[in-house]
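Results of the structural survey
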Amino acid sequence: MLGECTMLIHKGAEANLYLEQWHNRIVIRKQRVVKKYRLPELDYRLRYERTRHEAKLLHLAKRAGVPTPLVYFVDIPNTSLVMQFLSGIKLRDYLMHANDTKEVEQIFNKVGIFTAKLHKENIIHGDLTTSNMILYSDTIFFIDFGLGFISLDIEDKAVDIRMLKAVLNSTHYEIFDITYNSFINGYRSILKSNADAILTRLEEVERRGRYISER
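About the cut-offs
Residues numbered from 1 in each chain as written. Predicted model: local features only at pLDDT ≥ 70, side-chain atom pairs only at ≥ 80, totals over all residues. Heavy atoms only, no water. Helix = DSSP H or I, 4+ residues; strand = E, 2+ residues; numbered from the N terminus. Rg over C-alpha atoms; globule rule 2.2 N^0.38 Å. Buried < 20%, exposed > 50% of the residue type's maximum accessible area, 1.4 Å probe, protein only. Contact = heavy atoms within 4.5 Å. Areas by Shrake-Rupley, 256 points an atom, 1.4 Å probe, with all protein chains shown as cover. Lys, Arg positive; Asp, Glu negative; His and termini not counted. Charge placed at Lys NZ, Arg CZ, Asp CG, Glu CD. Pairing = 2+ DSSP bridges. Axes fitted to C-alpha atoms, helices over the stretch in contact; angles between N-to-C directions.

Observations regarding the overall build of the protein chain
When you go through the protein chain residue by residue, the secondary structure sums to 6 helices and 10 strands. Relative to the compact-globule value of 17 Å for 215 residues, the protein chain shows a C-alpha radius of gyration of 18 Å, a close match. By principal-axis analysis of the C-alpha atoms, the protein chain measures approximately 45 × 40 × 30 Å. Here the protein chain holds 215 residues, and the buried ones make up 43% of them. Long-range contacts, defined here as pairs at least 24 residues apart, represent 59% of the contacts in the protein chain between residues at least 6 apart. Counting only carbon and sulfur atoms, one obtains 52% of the accessible surface of the protein chain, whose full area is about 12000 Å². In the protein chain, which carries 31 positive and 27 negative side-chain charges, the distance between the mean positions of the two groups comes to 4 Å.

Some points on the sheet that holds strand β6 (residues 89-90)
Reading across from one edge, β6-β8-β9 is the order of the 3 strands in this open sheet, with antiparallel pairing throughout. The open sheet is flanked by β6 and β9 (139-142), the only strands paired with a single partner. Across 2 bridges, β6 lies against strand β8 (residues 133-136) in antiparallel orientation. Looking at the pairing, Lys90 lines up with Ile134 of β8. Along the sheet, helix α3 (residues 101-120) makes contact with β8 and β9, crossing β9 at roughly 40 degrees.

With respect to unusual backbone geometry
Not every positive phi belongs to a glycine, and Thr79 is a case in point at roughly 40 degrees. Its place among the elements puts Thr79 in the loop between β4 (71-75) and β5 (80-84). Judged by relative accessible area, Thr79 falls into the buried class, the value being 0%. Positive phi values are uncommon outside glycine, yet Ser137 reaches one of about 55 degrees. Tracing the sequence through the fold places Ser137 in the loop between β8 and β9. Judged by relative accessible area, Ser137 falls into the exposed class, the value being 57%.

Taken by themselves, the reported measurements are silent on function.
This is the structure:
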């Protein structure tokens, strides 16, 4: 059952986000969307499992030292999560108007640190973009682990970084060098020499991508 004063704030392909009042606090409810092209039993099972899985990843990420929204309630019947509302700004929007180079460097050093902490625990975000990071109360929160998973494979970690690198190079190309170099510095500061294999694999993934696109 949805809470009081429910307002749809984002309509997505996989889930809708609602801002609502729940037990005297303002929260975000992420409710997975019914897919009518699937068999009802299969659709519900997929939404059920993905809801549980995302709640687990948010918990594991927080335990790894990565700021994530608090999960107040896992609403299994409605395949939804009730989470902390962060009244901050998406990192994507912040970067559109950022003019303090030093602050941008510090922010992306932290993004690199937090990504490395995820990868150290074999957590793959799956959609590592500046739209899925929120600046709130002087902290960078990672959100939306809906495509996330657990993997020991260094290629999965490389692809995670490749996603962020592609976003920085396209959406924030004017400050790409600042953001990406700061990210790598933060990433290496946590994983040390273990970062080398992941970043080398990233170069291989990018070469494969260029080869396919040129064929």
